[in-house]
Amino acid sequence: MDLELDGSVVIVTGGSDGLGAALAERLVTEGASVAICARGAERLEATAAHLTLLGGDVLAVPADVTEPAAVEDLVARVEQRWGRCDAVVNNAGTAAASRFEKITDEQWHDDLDLKLLGATRTTRAALPLLRRHGGAVLNVLAIAGKAPTGGSMPSSVSRAAGLAMTKALAGELAGDAVRVNALLVGLIESGQWRRRAESRGVPVQQLHDELVELAGVPLGRFGRSEEFADLAAFLVSPRAAYVTGTAINLDGGLSPVT
Ligand SMILES: NC(=O)c1ccc[n+]([C@@H]2O[C@H](COP(=O)([O-])OP(=O)(O)OC[C@H]3O[C@@H](n4cnc5c(N)ncnc54)[C@H](OP(=O)(O)O)[C@@H]3O)[C@@H](O)[C@H]2O)c1
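Residues numbered from 1 in each chain as written. Predicted model: local features only at pLDDT ≥ 70, side-chain atom pairs only at ≥ 80, totals over all residues. Heavy atoms only, no water.

**Q** Got a minute to help me understand the packing of helix H4 (residues 105-133) against helix H5 (residues 155-173) in this structure?
**A** Describing two packed helices takes the angle between their axes plus the distance from one axis to the other. Closest axis-to-axis distance for the H4/H5 pair is 9 Å, and the angle between their directions is 20°. Regarding the angle of H4 to H5, the classification is roughly parallel. The chirality of how H4 crosses H5 is right-handed. Where H4 approaches H5, its residues Trp108, Asp111, Leu112, Lys115, Leu116, Ala119, Thr120, Thr123, Leu127 and Arg131 are matched on the opposing element by Ser155, Val157, Ser158, Arg159, Ala161, Gly162, Met165, Leu169 and Leu173. Among the residues making up the contact of H4 with H5, the classes are represented as 10 nonpolar, 5 polar and 4 charged. (Axes fitted to C-alpha atoms, helices over the stretch in contact; angles between N-to-C directions. Helix = DSSP H or I, 4+ residues; strand = E, 2+ residues; numbered from the N terminus. Parallel < 35°, antiparallel > 145°, perpendicular 65-115°, else oblique. Left-handed = near helix turned anticlockwise from the far one by under 90°. Contact = heavy atoms within 4.5 Å. Nonpolar A, V, L, I, M, F, W, Y, C, P; charged D, E, K, R; others polar.)

Next up, the structure:
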């Protein structure tokens, strides 16, 4: 299926590794121009170089989505380079889960600042561009946002807030032809799992297998980052023109709720 992304411009936050990098790769192979941001400049440049080798038209902007000025600069540079933005993928994030009584106010603030406000400020900054031609916002969340378990805070609460933001914003922006959706991730291969395996000194496949067993993933395996990229690219593409205000689980059946 031609996703009709040729000539479009997409911002992917957290695009230097994992799911964001896989999506950026899928988008450039579909002919989209892609702006990626992340905090670490070295990995960001390496990912941008890889995407450019694939023939991609890529802008790499070192930016922390918790810094409002950095986010404004990211969007300004997109406008300067291409004069348009067709989609924003709010993907930047890190795992944060602990027992309730151990989570400090500062940790609650930090998690909401990264996951809820990071997405909020990036979307707000890009809205004037998105409204020009119509467009899409995709919030990358986690299945814990719909079905939190014990020990999943603060992330599950930040993700639940992201779900509410997705639905409310979809209603506000429908009249501007800007669609807003969420993708709820279960267990999908990415940099965070690679790093966790390295720090435990075990092969990444062993970690995947352990987590699949522990969680009881019905399809019996970790998701592949390309599988995330397929669905995310579709959701931001014009082929998903009638899809807005929804949140899709991508989890091999793991979530107990639809
Ligand atoms: N993979 C999964 O199984 C899974 C499950 C549930 C939810 N998710 C969510 O999916 C998203 C992608 O996760 P992933 O697994 O692909 O993680 P990852 O491999 O660790 O990649 C995260 C990306 O986000 C960037 N990033 C982190 N903090 C940032 C910040 N403050 N500002 C800008 N960029 C930032 C990272 O680069 P720098 O560190 O250099 O900034 C990196 O490019 C996250 O929101 C994550 O919470 C993933």
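**Q** Just checking my understanding: could you explain the environment of Val180 for this structure?
**A** Relative to the helices and strands, Val180 is located in strand E8 (residues 178-185). For Val180, a relative accessible area of 0% puts it in the buried group. For the pair Val180 and Thr244, spaced 64 residues apart in sequence, the C-alpha to C-alpha distance is 5.3 Å. Apart from the residues lying within four places of it in its own chain, the contact partners of Val180 are Val137, Asn139, Thr166, Leu169, Ala170, Leu173, Thr244, Gly245 and Thr246. (Buried < 20%, exposed > 50% of the residue type's maximum accessible area, 1.4 Å probe, protein only.)

**Q** Just checking my understanding: could you explain the site of the ligand for this structure?
**A** Neighbouring the ligand are 30 residues; Ser16, Arg39, Arg159, Ser190 and Arg195 lie closest to it. The backbone of Gly40 places a nitrogen or oxygen atom 2.8 Å from an oxygen atom of the ligand. Contact distances for the ligand include 2.9 Å between an oxygen atom and a side-chain N or O atom of Gln192. Its free accessible area being 880 Å², the ligand has 94% of it covered by the protein chains. (Near = heavy atom within 4 Å. Polar contact = N/O pair within 3.5 Å; in protein donor to acceptor, adjacent residues only side chain to side chain. Areas by Shrake-Rupley, 256 points an atom, 1.4 Å probe, with all protein chains shown as cover.)

**Q** I'm lost on the environment of Glu79 in this one. Help?
**A** Considering the arrangement of structural elements, one finds Glu79 in helix H3 (residues 68-82). Distance in space between the C-alpha atoms of Glu79 and Ala126 is 9.1 Å, their sequence separation being 47 residues. Once residues lying within four places of it in the same chain are set aside, the contact partners of Glu79 are Leu129 and Arg132.

**Q** Whenever I open this one, empty space enclosed by the protein confuses me. Can you help?
**A** Any empty space left between the atoms is revealed when a probe the size of a water molecule rolls over them. Per the counting criterion, the structure on display carries 1 cavity of 30 Å³ or more. Lining the largest cavity are 14 residues; nearest its centre among them are Asn90, Ala92, Leu114, Lys115 and Ala119. Of all the secondary-structure elements, those providing two or more residues to the lining of the largest cavity are H4 and strand E6 (135-142). Element by element, the count of residues in the lining of the largest cavity is highest for H4, at 5 residues. (1 Å grid on protein atoms, 1.4 Å probe; cavity = no way out; pocket = protein on both sides within 12 Å on 5 of 7 lines; lining within 4 Å. Points joined across faces, edges and corners; volume = space filled by probe spheres on them.)

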